[in-house]
Amino acid sequence: MITHSQHLLSIKVGNRWIICQETEVVQMRGSMLIQKLWLSLVLAFALTTTIALPIPNTSYSHHASALHIPPMVETFSAVKERMLLDQGDEDAFEKRDVEALLSFRSGIAADPMQSLSSWTSNNSENVCSWNGVWCRKHTHRVVAVILPQLGLQGTISPSIGNLSLLANLNLSSNSLMGRIPPQLGKLKALRLLDLNTNLLMGSIPKSLANCTQLQWIRLSTNNLTGIIPKEFGSMGNLEHLRLSHNSLDGSIPNSLGRCTSLLDLVLGYNSLTGGIPSELGRLEKLQILGLHFNRLMSQIPAALGNCSSLEVLFLGGNSLTGNIPPELGNLKQLVQLSLYGPGNLTGSIPAEIGNCSNLVWLDVGWNYLMNGSLPLSIFKLPLTTLSLIQNKFVGRIPEFISNLTQLTYLDLAINKYTGPIPNGIGNLSELTYLNLGGNSLTGTLKHFTRLTKLESLYLGTNNLTGIVPEAIGNLQHLKSLALDTNIFTGVLPESIGKLQSLENLYLFSNNFTGPMPDSFGKLINLKQLFLSSSNISGNIPQSISGLISLELLDLSDNNLDGNIPEGITNCTALKRLILSQNKLSGKIPPSIDSCNLMTELILSSNSLSGKISPTLSNWTSLKKLKLSDNFFHGNLDMIYSSSMEVLSAHSNNFSGTLPASLANCKELQLLDLSDNNLDGNIPEGITNCTALKRLILSQNKLSGKIPPSIDSCNLMTELILSSNSLSGKISPTLSNWTSLKKLKLSDNFFHGNLDMIYSSSMEVLSAHSNNFSGTLPASLANCKELQLLDFRRNHLRGELPWYLANFQKLRVLSLGYNQLHGSLPAWMVNLTNLQVLDLSNNKFDGRIPSNLENLKGFGVLGDPQLSGNTLYEEIPMVIKGNEYSVEYVLSSNTVLDLSSNNLSGQIPESIGKLSSLRLLNLSGNHLEGVIPASLGQIWTLEQLDLSKNELRGRIPEELSVLYLLAYLDLSSNSLCGQIPRGTQLQSFTAKSFQKNPPCLCGAPLPNCSPKNNASVVPSPLAKTKSIWTIIDENVSMIAVGLGFGIAFGGTMVSIIWWDRLWLCSRLFKIRGFHGVVESQTCSWSLDYNPRFTFHSSTSTSTG
């Protein structure tokens, strides 16, 4: 029987079909052989005889159906070849198949399971018995090579393309390398190609598109690169295309929309870019679409709603934008919908998703921009998994959540849900995973104790209150419990010890009281216990020895006291022990060395003492050892792990030399042994620590030179050697440290110049109190990130270099006690972030720049962009005549010190614009003129030293409002007149005003006389007088004029006036802080009953 379909000719011979193109038959009629074939077919049609060709499930071995060999229909080409074989060429084709297989065998470099031991030329007659080879029945022609999971290593030989009847090639789950041979495109009969889970590389051959009968292509989990061939769009029989877990790039070909037979298209875990082609909406038979974890950035095409057979849609792990199309609600067969990020999907979940009546999995987590509330239609679905983590869903968790009774997985974490947790959540009895963390939920834990199937319960970072109930012990299947960062109170219940399956327990950052429960020792499967910052007290219980599976214990930042229990050494699986910031005392248990899997031991900020056991050398995996802020003593001679990354033991009583065994620590990144009693030299071996980034050895007794070879540590970001007895010159090879941010060499005996190439990333450079000489190096011009520059107390000379004007991030410039000279440059006021300027004890001359208001850093309280910025550094400051070390520079620690120079001229009026200045020292210069009244605007001023100048005139009344002023020195000037009375100025001793002319008078100096006042030339800046000055200048004269003639009643009236005037004068004080100043004015009228009326106004300082 012969039938026609389009251009195909189907010939039934008996109960078998032969399919060919009509053109093939026409083109081949000229051949004598084809004429014989044509005659045979006609005869077969006439007589309905049989040409038997086997079907796969009966022709191949009994394993064929288990290996999913697709059904075969023999093509006319195969029939033609059979006819050729009948002409005597059968041996030649069989020989070619054997040669192809032997060539493949020669490309296999390793066969650990001896799977190909039978593949030899001596056994070629039995090729059909070779392992993994299937032949056509009654012939030796190879139709399948199936060799999965055999550990084969090597390459795929191109000769495999000579197996002309090959229908199934399965080499999956091996370790094959190299490229996929383009010669596979010659396999016209190929139906299945499975090369997944190998080490193949290179691009996918576009020649595979020539295998027009291909139904399966599985190339996933390799190292393939390049693009997906657009030629695949011509493969009309393709049903399964799986290319996931490779490194493919480029866009998804639009042509795949023409593969209308596709049932699954899985391209996940690649680097595909561009958009999702809307042409994929033509694939009406498509059941699985996996494009997850690529770099797709488009919107989700609404056309996907036309894929009516779709059951699984995975688009997560991309950067998709826009809204979820409501058309996805047309996918009635949809079972799983995953749109998780990181993405930028907006809007809310469309109500139409509720039409996907078979949907059991809905995941739109990690999109950050999803907002709104959940549509009610969602709560009618048979959901088992619902994940909305890391979005912006708002409001309360809907009560309708209780309708989702089949839920096993619910994740609503990191959203903006508020209010109480709904009662109905306790009815979701099938839940095994529940995560509500990272919201602002309130309420207690009473709803959760009924969820007895729970394996994971995460409620951290909310506002939950109350106690942890005893009923928590009913959740016997719990493996993870997170109640951290809430407001739980009370004593932790002993019932937690019943949770025998518990592996992870997070209770940190709460307000518990009482000790850690003894029952915790029963949690034999517990691996991680986080109980830091939870206010627990008492001793660490001895029962902790029962935690035999424990890998991490964090009890830091509590009120624990007593010793570290000996029983902790039974926790031999322990890898991280964190007990810092408690009140623990005593010694580290000697037997702790049995915890030889330890990677982190953090005991800092306690009261521990004793020596460090050298047996800790057995901890070969130790990466972090932090012993800081304790009372440990002795030396540090132990063998340090070669895997050590952090060693911090500052602020103890360690002595001796730096251990030579530190040379083993080639992974060391931080070494902080500061504030101890270490002596000797810095060992040369430390230069072997080439991974070192932070070396902090300050405040010890180290001597000698910095090892020259330290420049090999070229990853260094911090070198802090201050407060030692180190000497020598600084090697210019430190210029190789291009990542250096902090260099602190202060308080040593270094000498020489500072000519080295400084890193452009330098932020802190402190070398004060040394013997450096020369000028400020020109290479500093590279350091535009510099925030602190401190060369105080050296022997530097020359002028201020011009490049300092470019340091716009500079906050501390301290060059005092050097031999610098020249005038103060005008560009100095361009350093707008400057908060500390110390040029004292140099030889600067000329005038102070007039436009000081440009120094915005001295007005940070009025500038919100600067006020929150803190530079954590230690700098020396002269306070009340003495030098102190300030631990860090806050926005309010502002200092201007130009003392002991040769400056002249007047103090600029603009100095009053430095509204948050705390310390001002202009002493020891040749400044003249009057004290600017604008100083009274710097209400934060605590120290003012204008001594040893040539200032004249009155002390301004405006200084009387400086209520924070704790140190004042106006001595050794030419000031005159009455010291303002009734103010802060009267709190200082005569020493603050000494060595001025006798005309300076008033407390604490001798009282003034009319002669004192007459001899003063009034200051044009003194615009107002205090009420005490008015009284001193006027009331005494009135008293002389009236004498004793005033009656008793008049005296009483004067007393009343005096009392009211005193009250008014007190109302002129600054009441506010942070720039808010309150001022009151008062008016009064005198009659039989004296009255006061107050008018208050508040103004904000713009400083």
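Residues numbered from 1 in each chain as written. Predicted model: local features only at pLDDT ≥ 70, side-chain atom pairs only at ≥ 80, totals over all residues. Heavy atoms only, no water.

Engineer: Whenever I open this one, the overall build of the protein chain confuses me. Can you help?
Structural biologist: Assigned secondary structure in the protein chain consists of eight helices and 75 strands. Buried residues in the protein chain amount to 50% of all 1103 residues. Within the protein chain, contacts between residues separated by at least 24 positions form 49% of all contacts whose residues are at least 6 apart in sequence. In the structure as shown, the protein chain presents an accessible area of about 46,800 Å², 52% of it carried by carbon and sulfur atoms. (Helix = DSSP H or I, 4+ residues; strand = E, 2+ residues; numbered from the N terminus. Buried < 20%, exposed > 50% of the residue type's maximum accessible area, 1.4 Å probe, protein only. Contact = heavy atoms within 4.5 Å. Areas by Shrake-Rupley, 256 points an atom, 1.4 Å probe, with all protein chains shown as cover.)

Engineer: What is the right way to read the sheet that holds strand 4 (residues 108-110) from this model?
Structural biologist: Either a parallel or an antiparallel arrangement is found when strands of a sheet pair, and the pairing is made through backbone hydrogen bonds. Judged by pairing direction, the sheet is mixed, and its three strands sit side by side in the order 4-7-9 without closing on themselves. Either end of the sheet is taken by a strand with one partner, and the two such strands are strand 4 and strand 9 (175-177). Averaged over all pairs of adjacent strands, the angle between their axes in this sheet comes to 25°, without regard to strand direction. The sheet contact formed by strand 4 and strand 7 (residues 153-155) spans two bridges and is antiparallel. Of the residues in strand 7, the one forming a bridge with Ile108 is Gly154. (Pairing = 2+ DSSP bridges. Axes fitted to C-alpha atoms, helices over the stretch in contact; angles between N-to-C directions.)

Engineer: What exactly am I supposed to notice about the sheet that holds strand 28 (residues 440-442) here?
Structural biologist: Taken together, four strands build an open sheet; the order of strands is 22-24-26-28 and the sheet is parallel. Each edge of the sheet is formed by a strand with only one pairing partner; in this case those strands are strand 22 (371-372) and strand 28.

Engineer: Got a minute to help me understand the state of the cysteines in this structure?
Structural biologist: The term disulfide refers to a covalent linkage connecting the sulfur atoms of a pair of cysteines. If you walk through the whole model with that rule in mind, you get three disulfides. Put simply, Cys1001 and Cys1008 are joined by a disulfide, and their sulfur atoms are 1.7 Å apart. Since a negative S-S torsion denotes a left-handed disulfide, the Cys1001-Cys1008 link at about 100° is right-handed. A relative accessible area of 25% places Cys1008 in the partly exposed class. Summary of cysteine pairing: Cys713 is not part of a disulfide, and the nearest cysteine sulfur, belonging to Cys689, is at 6.5 Å. A relative accessible area of 0% places Cys713 in the buried class. (Disulfide = S-S within 2.5 Å.)

Engineer: What is the right way to look at the packing of aromatic side chains in this model?
Structural biologist: The geometry of two aromatic rings is summed up by the distance between their centres and the angle between their planes. Counted under the stated rule, the structure contains 13 aromatic pairs. Arranged with centres 5.7 Å apart and planes meeting at 50°, the rings of Tyr433 and Tyr458 form a pair that is tilted. A residue pair is termed long-range when its members are at least 10 positions apart, and Tyr433 in strand 27 (residues 433-435) and Tyr458 in strand 29 (residues 456-458) qualify at 25 residues. Among the aromatic residues, those joined into a ring-pair cluster are Phe104, Trp119 and Trp130. Geometry around Tyr817 places Arg793 over its ring, the cationic atom sitting 3.8 Å from the centre. (Phe/Tyr/Trp six-rings, centres within 6.5 Å; stacked < 30°, edge-to-face > 60°. Lys NZ or Arg CZ within 6 Å of the ring centre and 35° of its normal.)

Engineer: Help me out: how do you make sense of the pairing of strand 51 (residues 725-728) in this one?
Structural biologist: As a general feature of sheets, a regular strand has side chains that alternate between the two faces. Of the two faces of strand 51, the one holding Leu726 and Gly728 is buried and the one holding Ser725 and Ser727 is not buried anywhere. As paired strands, strand 51 and strand 53 (residues 749-752) are joined by two bridges and run parallel to one another. By the bridge assignment for strand 53, Ser727 is matched with Phe749.

Engineer: Is there a simple way to think about unusual backbone geometry in this case?
Structural biologist: Working note: non-glycine residues mostly have negative phi, and peptide bonds are mostly trans. Look at the link from Gly341 to Pro342: it is a cis peptide, with omega at 15°. By the element assignment, Pro342 lies in the loop between strand 19 (336-338) and strand 20 (344-345). Unlike most non-glycine residues, Tyr368 shows phi in positive territory, near 70°. Along the chain, Tyr368 falls in the loop between strand 21 (361-363) and strand 22. Even without being a glycine, Asp557 presents a positive backbone phi close to 55°. Its relative accessible area of 36% is what places Asp557 among the partly exposed residues.

Engineer: How should the pattern of salt bridges be read in this particular structure?
Structural biologist: Side-chain pairs of opposite charge can arise where the charged atoms are in close proximity. Counted under the stated rule, the structure contains nine salt bridges. We note a salt bridge from Asp97 to Arg141, for which the minimum N-O separation is 2.8 Å. Taken as a pair, Asp97 in helix 4 (residues 76-106) and Arg141 in the loop between strand 5 (133-135) and strand 6 (142-146) lie far apart in primary sequence, 44 residues in all. Summarising the burial analysis for this pair, Asp97 and Arg141 share the class buried. Between Glu942 and Arg918 there is a salt bridge, with the nearest N and O atoms lying 3.0 Å from each other. Remark: Arg918 occurs in the loop between strand 65 (902-906) and strand 66 (919-921) and Glu942 occurs in the loop between strand 67 (926-929) and strand 68 (943-945); sequence separation between them is 24 residues. Taking the relative accessible area as the measure of exposure, Glu942 reaches 27% and is therefore partly exposed. (Salt bridge = Lys/Arg side-chain N within 4 Å of Asp/Glu carboxyl O.)

Engineer: Teacher, can you tell me more about the side chain of Ser722 here?
Structural biologist: On the secondary structure map, Ser722 appears in the loop between strand 50 (718-720) and strand 51. With a relative accessible area of 12%, Ser722 lands in the buried category. Excluding residues that lie within four positions of it along the chain, Ser722 makes contacts with Ser698, Gln699, Lys744, Leu745, Ser746 and Asn748.

Engineer: What's the story with the side chain of Asp945 in this structure? I'm lost.
Structural biologist: In this fold, Asp945 is placed in strand 68. No salt bridge is formed by the buried Asp945. Its closest oppositely charged neighbour is Lys948, at 7.6 Å. When residues no more than four places from it in sequence are discounted, the contact partners of Asp945 are Leu920, Asn921, Leu922, Ser923, Tyr967 and Asp969. (Lys, Arg positive; Asp, Glu negative; His and termini not counted.)

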